[in-house]
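Residue-level structural notes
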Amino acid sequence: MSKNKKALSRDDRARRTFYWLVLPAFIIFALVIIVPFFLGFYYSLTDWKSVTQTKINFVGLKNFTDSFADTRFQYSLMITVIFALFNVVVVNFVSFGLALLVSSKIKFSEIFRAGFFIPNLIGGLVLGYIWQFIYNSVFPALGSAIGSQFLVDNLFLGDVKLAVLALIITNTWQYAGYIMMIYFAALQNVPSSLVESASLDGANAFQRLKHIIIPMVMPAFTVSLFLTITNSFKIFDVNFSLTGGGPSLLWHDKAIQSTEFITMNIYNTASGDNLMAQGQARAVILFFILVVISVVQTTITKRKEIDL
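None of these values were measured; they are calculated from a predicted model. (Residues numbered from 1 in each chain as written. Predicted model: local features only at pLDDT ≥ 70, side-chain atom pairs only at ≥ 80, totals over all residues. Heavy atoms only, no water.)

As a further point, take the pairing of strand β2 (residues 254–257). Of the pairings in the sheet, the one linking strand β1 (residues 248–251) to β2 comprises four bridges and is antiparallel in character. Counted as the bridge partner of S248 is Q257 from β2. Counting the residues that bridge the hairpin from β1 to β2 gives two residues, and of these H252 lies at a positive phi of roughly 55 degrees. (Pairing = 2+ DSSP bridges. Helix = DSSP H or I, 4+ residues; strand = E, 2+ residues; numbered from the N terminus.)

Dropping the structure here:
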């Protein structure tokens, strides 16, 4: 009995120590994530307009209905979805291609791997200004040197469709190296003997990729798709510094910013228009959109995973 009591007391002490060690992290998590989330949801149901407002009134779902009725928000939601679709495909295609390249037996693969990853270390705001200089100064100079009028005219940030393309190129340049490392780690777990056996049986490179490599790295696709989808919907810093939401266009007879993605729309609504509660309501809408899309995506891709 005494030994059991000792064992129980030792287990209790270990459990108590565990809780005390976890408590500071949980408090920080609650203060930074949980409490602001529920406060934000509460403010989205009020008429809150500024931090100096003394009386806040409950208005229910008015901010949500006003948001969906706003032409600017409708366009922001639409252009964000379009950007996300193309960006997710391009980033993952480039990242997987780079992972295949650096996992092959080419010379200096370690240097290439580090070089491809380095752009991810550059902050989004700085990156946007760097690429703004490239689009506005480097491309026209290059166009003059090679005789390309398209590059000389510098339409990347002045044309509606090309401005979205410019954002996809910039985001891919920054983010592809990070996603590449996820694919690279997964490729290291593919048994080389299996690939060699398929090669001896007559399978060409495409067949080996389709029937062996991709199915075996499917967990990496689940993680990478989740990260790129959330990154695409939450992009703000590059959007802010590269295009600033421009150029302008007419949509439903209203002048709006063609690359004002949903996060920038939230920022402009809350800070620019001083509609804090409505901006918070749009942030809640974005949260639920991301939850639904992420759950659907992970459910679909997890079904395709195989047990190694």
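One way to put it is that helix α8 (residues 192–200) packs onto helix α9 (residues 205–216) with a least axis distance of 11 Å and a crossing angle of 165 degrees. In terms of axis orientation, α8 runs roughly antiparallel to α9. As α8 packs across α9, the resulting crossing turns out to be right-handed. Where α8 approaches α9, its residues L194, V195, A198 and S199 are matched on the opposing element by R208, I212 and M216. A per-class count over the contact of α8 with α9 returns five nonpolar, one polar and one charged. (Axes fitted to C-alpha atoms, helices over the stretch in contact; angles between N-to-C directions. Parallel < 35°, antiparallel > 145°, perpendicular 65-115°, else oblique. Left-handed = near helix turned anticlockwise from the far one by under 90°. Contact = heavy atoms within 4.5 Å. Nonpolar A, V, L, I, M, F, W, Y, C, P; charged D, E, K, R; others polar.)

On to the layout of surface pockets, then. Its volume calculated, the largest pocket comes out at about 450 Å³. Lining of the largest pocket is provided by 15 residues; of these, S103, S104, L187, V195 and I213 occupy positions nearest its centre. Among the elements of the structure, α8 and α9 are those that each provide at least two residues to the lining of the largest pocket. The element best represented in the lining of the largest pocket is α9, accounting for four residues. In the lining of the largest pocket, the residues fall into eight nonpolar, five polar and two charged. Considering only enclosed or pocket space, the second largest pocket measures out at about 330 Å³ in volume. Around the second largest pocket, the lining is made up of 14 residues, and of these F37, Q280, A283, V284 and F287 lie nearest the centre. Of all the secondary-structure elements, those providing two or more residues to the lining of the second largest pocket are α1 (2–43), α12 (262–272) and α13 (276–303). Examining the composition of the lining of the second largest pocket, we find that eight residues originate from one element, α13, more than from any other. (1 Å grid on protein atoms, 1.4 Å probe; cavity = no way out; pocket = protein on both sides within 12 Å on 5 of 7 lines; lining within 4 Å. Points joined across faces, edges and corners; volume = space filled by probe spheres on them.)

Another aspect to go through is the UniProt feature "domain: ABC transmembrane type-1" (unreviewed entry) in the protein. This chain's UniProt record puts "domain: ABC transmembrane type-1" (unreviewed entry) on residues 77–297. When the span residues 77–297 is considered, its composition is 76% helix and 4% strand, and the gap between its end C-alpha atoms is 19 Å. (UniProt positions renumbered as here; feature names shortened; annotations may be inferred.)

What follows concerns the packing of aromatic side chains. Each aromatic ring pair is summarised here by two numbers: the centre-to-centre distance and the angle between the ring planes. Scanning the entire structure with this criterion turns up 23 aromatic pairs. Cluster of aromatic residues (ring-pair linked, three or more members): W131, Y135, F139, F150, F156 and W173. (Phe/Tyr/Trp six-rings, centres within 6.5 Å; stacked < 30°, edge-to-face > 60°.)

Moving on to the side chain of N87. In this fold, N87 is placed in helix α3 (residues 71–102). Residue contacts for N87: discarding those within four places in its chain leaves I168, N171, T172, N231 and S232.

Further remarks concern helix α5 (residues 124–146). With 23 residues, α5 should reach 33 Å at 1.5 Å per residue; the first-to-last C-alpha distance of 30 Å fits that figure. Most pronounced at I134, the bend in α5 amounts to some 35 degrees. Taken residue by residue, α5 has G124, L127, G128, W131, I134, Y135, F139, P140 and G143 as its buried positions. Its buried side turned inward, α5 meets α6 (149–153), α7 (160–187) and α11 (237–242). (Expected span 1.5 Å × (residues − 1). Bend = angle between axes of the 7 residues up to and from the residue. Buried < 20%, exposed > 50% of the residue type's maximum accessible area, 1.4 Å probe, protein only.)

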